[in-house]
Amino acid sequence: MNELIKRELILTNIDAEDQFEALKTVQKALYSNGYVKDTYFDAVLDREKEYPTGIALGHKYNIAIPHTDSQHVIKSGICIGVLKEPVKFKSMENKEIEVDVKVIFMIALNIASKQVELLQELMALIRDAEFVEKLTELNEDDILNYIKTRKDVIQ
């Protein structure tokens, strides 16, 4: 997973009014750096309607893991977006419930067979309340360094 997280894909202090703005901002980093095709954003939105990605973690901050099919991806990467204030996402567990999301991990994988493995690795990591909280406190460079030095981040 480490090799998928690059400095140009880490954004902090994102000012977003709602889920759409938050997703658009995070997606823009993937698109402008050549990771995804111009079809990626609409595909993410379509997938969010059917399979929401908000996850209530049971601690201070909640996250979302938006992603879509590999056909919309040029090269693999994970964009981490930390919002100034949480925005509402539909819950992955129940579409009727909304989750206040503070950190977005937008996944772009060009090899579909790797998606389940990556999601499992990411879920194991974000269950750590300290990890998620730390991401909300650091700047872009420090987030990258923090992730790279974590022994539990899959190389």
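Because the structure is a prediction, the values reported are computed rather than measured.

Throughout the structure, instances matching the rule amount to two aromatic pairs. Relative to F41, the ring of F20 has its centre 5.3 Å away and its plane inclined at 70°; by these criteria the two rings are edge-to-face. In this pair, F20 sits in helix α1 (residues 19–32) while F41 sits in helix α2 (residues 40–50), placing the two residues 21 residues apart along the sequence. When the ring of F131 is compared with that of Y146, the centres are 5.8 Å apart and the planes differ by 20°; the resulting orientation is stacked. One end of the pair, F131, is in helix α4 (residues 129–137); the other, Y146, is in helix α5 (residues 140–149), with 15 residues separating them in the sequence. An identical accessibility class is assigned to F131 and Y146; each is buried. For the cation-ring pair, K75 lies above Y35, with the distance from its terminal atom to the ring centre recorded as 4.6 Å.

This part is about the sheet that holds strand β1 (residues 10–14). Spatially, the five strands line up as an open sheet ordered β1-β4-β5-β3-β2, and their pairing is mixed. Single-partner strands in this sheet number two, and they are β1 and β2 (54–55). Relative to the sheet, α4 contacts β3 (62–64), β4 (77–90) and β5 (98–108), its axis offset from that of β5 by approximately 85°.

I63, F105, I126 and F131 are the most contacted members of the largest nonpolar core, which totals 28 residues. Mapped onto this core, the elements with two or more residues apiece are β4, β5, α3 (115–126), α4 and α5. Take this core: its biggest share by element is five residues, from α3. Each residue touching F105, except ones within four places of it in the same chain, is listed here: I63, A64, I65, P66, I78, C79, I80, L122, I126, F131 and L135. Within the second largest apolar cluster, 26 residues are counted, among which are L11, V44, F89 and V101.

How each quantity is defined
Residues numbered from 1 in each chain as written. Predicted model: local features only at pLDDT ≥ 70, side-chain atom pairs only at ≥ 80, totals over all residues. Heavy atoms only, no water. Phe/Tyr/Trp six-rings, centres within 6.5 Å; stacked < 30°, edge-to-face > 60°. Helix = DSSP H or I, 4+ residues; strand = E, 2+ residues; numbered from the N terminus. Buried < 20%, exposed > 50% of the residue type's maximum accessible area, 1.4 Å probe, protein only. Lys NZ or Arg CZ within 6 Å of the ring centre and 35° of its normal. Pairing = 2+ DSSP bridges. Contact = heavy atoms within 4.5 Å. Axes fitted to C-alpha atoms, helices over the stretch in contact; angles between N-to-C directions. Core = buried A, V, L, I, M, F, W, Y, C linked by side-chain atoms within 4.5 Å.

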